[in-house]
Amino acid sequence: MNYWKKERYKRMILQNLTVTNGFLLLQIILFLLMTVSGGSTNPSVLVYYGAKYNPYIVFLHQYWRFVTPIFLHIGLEHILMNSIFLYFLGNQLESIIGSGRFFIIYLLSGIIGNVASFAFSPSISAGASTSLFGLFGIILYLSTKHGYIRFFKELGMQYKALLIMNLASSFLLSRVDLYGHIGGLVGGYLATSIFSFSGDRYTKVYQRVIFMALYVIVFIVLFFIGTKKVVL
């Protein structure tokens, strides 16, 4: 293999070493493990691998279940749709705000989405959609708070219809975790308000602190509501 071909392959590999693709690989591996363990639609398998299960969160203090559901999926269609969405939109936003910020915001979005589901839904739940709605939260923040940047404004216009369609389907489809989706959207907006994007001189430190406090308050309130609803 000549030098130029090696360099081309090296660039191709480096270009695909993104946080988004890391998350994507993780959820595919977990889906395969769940499949061979009894099926990703099997409630006991879902709970074993870390799906949101309210009694375990309250009585066994398994608070990591606010994070692990982000990477679990229920059925082939579920992971297929979420993986496609994550690959395209996730990589696009990661290139805009940076890998470190994307990593944190993606997880913080999913956490608020899962604690919202914990607060208002007793069902076992899992899926990247809590964090994926957080990606809409990123776009919403950038296009409103920093709409003076033409690219961010156009980004908001580009995805506005898709956000409305996804919210509408969340309200209409009973099998969809509506609360998780709304929580993820709110979480994504708040988290982006804290971390923003590289080169942002418009957002002041005190504003970031306020949004950080709001994020913590939202989490505490939702967690408190959820704990009061779970009974033996």
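Structure: above.
Residues numbered from 1 in each chain as written. Predicted model: local features only at pLDDT ≥ 70, side-chain atom pairs only at ≥ 80, totals over all residues. Heavy atoms only, no water.

Novice: How would you sum up the layout of surface pockets? Please name residues and give values.
Specialist: In this structure, the largest pocket spans a volume of roughly 920 Å³. In terms of lining, the largest pocket is formed by 31 residues, of which the most central are His 78, Ser 129, Arg 175, Val 176 and His 181. Elements that contribute at least two residues to the lining of the largest pocket include exactly helix 5 (76-97), helix 7 (129-145), helix 8 (150-172) and helix 9 (178-195). Approximately 160 Å³ is the volume attributed to the second largest pocket. Taken together, Phe 136, Ile 139, Leu 140, Ser 143, Lys 153, Gly 156, Met 157, Tyr 159, Lys 160 and Leu 163 form the lining of the second largest pocket. Residue contributions to the lining of the second largest pocket peak at 6 residues, all from helix 8. (1 Å grid on protein atoms, 1.4 Å probe; cavity = no way out; pocket = protein on both sides within 12 Å on 5 of 7 lines; lining within 4 Å. Points joined across faces, edges and corners; volume = space filled by probe spheres on them. Helix = DSSP H or I, 4+ residues; strand = E, 2+ residues; numbered from the N terminus.)

Novice: Explain helix 7 to me, and be specific about the residues and the numbers.
Specialist: In this model helix 7 runs 24 Å from its N-terminal to its C-terminal C-alpha over 17 residues, within 8% of the 24 Å that 1.5 Å per residue would give. Counting buried residues in helix 7 gives 14 out of 17 residues, a clear majority hidden from the surface. (Expected span 1.5 Å × (residues − 1). Buried < 20%, exposed > 50% of the residue type's maximum accessible area, 1.4 Å probe, protein only.)

Novice: Could you give an account of the side chain of Ser 196, naming the residues involved and the relevant values?
Specialist: For Ser 196, the location among the structural elements is in the loop between helix 9 and helix 10 (205-229). The exposure class assigned to Ser 196 is buried, which follows from its relative accessible area of 0%. At 2.5 Å, the side chain of Ser 196 forms a polar contact with the side chain of Asp 200. Once you skip the residues sitting within four places of it in the chain, Ser 196 turns out to touch Ile 97, Arg 101, Tyr 141, His 146, Thr 203 and Arg 208. (Polar contact = N/O pair within 3.5 Å; in protein donor to acceptor, adjacent residues only side chain to side chain. Contact = heavy atoms within 4.5 Å.)

Novice: Got a sec to walk through the nonpolar core? Specific residues and values, please.
Specialist: By size, the foremost hydrophobic cluster in this structure holds 53 residues, and its most contacted members are Phe 23, Leu 93, Phe 102, Tyr 106 and Leu 135. In terms of residue count, helix 6 (residues 99-120) provides more of this core than any other element does, 11 residues in total. Ignoring sequence-local partners within four residues, the contact set of Phe 102 consists of Val 19, Thr 20, Phe 23, Gly 90, Leu 93, Glu 94, Ile 97 and Leu 135. (Core = buried A, V, L, I, M, F, W, Y, C linked by side-chain atoms within 4.5 Å.)

Novice: Outline the packing of helix 7 against helix 9, supporting the account with residue identities and numerical values.
Specialist: Axis separation between helix 7 and helix 9 bottoms out at 6 Å; the angle between their running directions is 45°. When the axes of helix 7 and helix 9 are compared, the pair comes out oblique. For the element pair helix 7 and helix 9, the recorded crossing hand is right-handed. Across the interface between the two elements, Ser 129, Thr 130, Phe 133, Gly 134, Phe 136, Gly 137, Ile 138, Leu 140, Tyr 141 and Thr 144 from helix 7 touch Gly 180, His 181, Gly 184, Leu 185, Gly 188, Tyr 189, Thr 192 and Ser 193 from helix 9. Looking at the contact of helix 7 with helix 9, its residues break down into 7 nonpolar, 11 polar and no charged. (Axes fitted to C-alpha atoms, helices over the stretch in contact; angles between N-to-C directions. Parallel < 35°, antiparallel > 145°, perpendicular 65-115°, else oblique. Left-handed = near helix turned anticlockwise from the far one by under 90°. Nonpolar A, V, L, I, M, F, W, Y, C, P; charged D, E, K, R; others polar.)

Novice: Provide a residue-level description of the pattern of salt bridges, including the pertinent values.
Specialist: Scanning all chains against the criterion turns up 2 salt bridges. Between Arg 150 and Glu 154 there is a salt bridge; the shortest N-O distance is 3.0 Å. Of this pair, Arg 150 and Glu 154 both sit in helix 8, separated by 4 residues, roughly a single helical turn. (Salt bridge = Lys/Arg side-chain N within 4 Å of Asp/Glu carboxyl O.)

Novice: I'd like a description of the packing of aromatic side chains, backed by residues and values.
Specialist: A complete count under the given rule lists 20 aromatic pairs for this structure. Clustering of aromatic rings is evident, with ring pairs tying together Phe 23, Phe 71, Phe 102, Phe 103 and Tyr 106. (Phe/Tyr/Trp six-rings, centres within 6.5 Å; stacked < 30°, edge-to-face > 60°.)

Novice: Please give an account of unusual backbone geometry that cites residues and values.
Specialist: One non-glycine residue, His 61, lies in the positive phi region at around 55°. Following the sequence through the fold, His 61 ends up in the loop between helix 4 (54-59) and helix 5. Even without glycine at this site, Ser 196 takes up a positive phi of about 50°.

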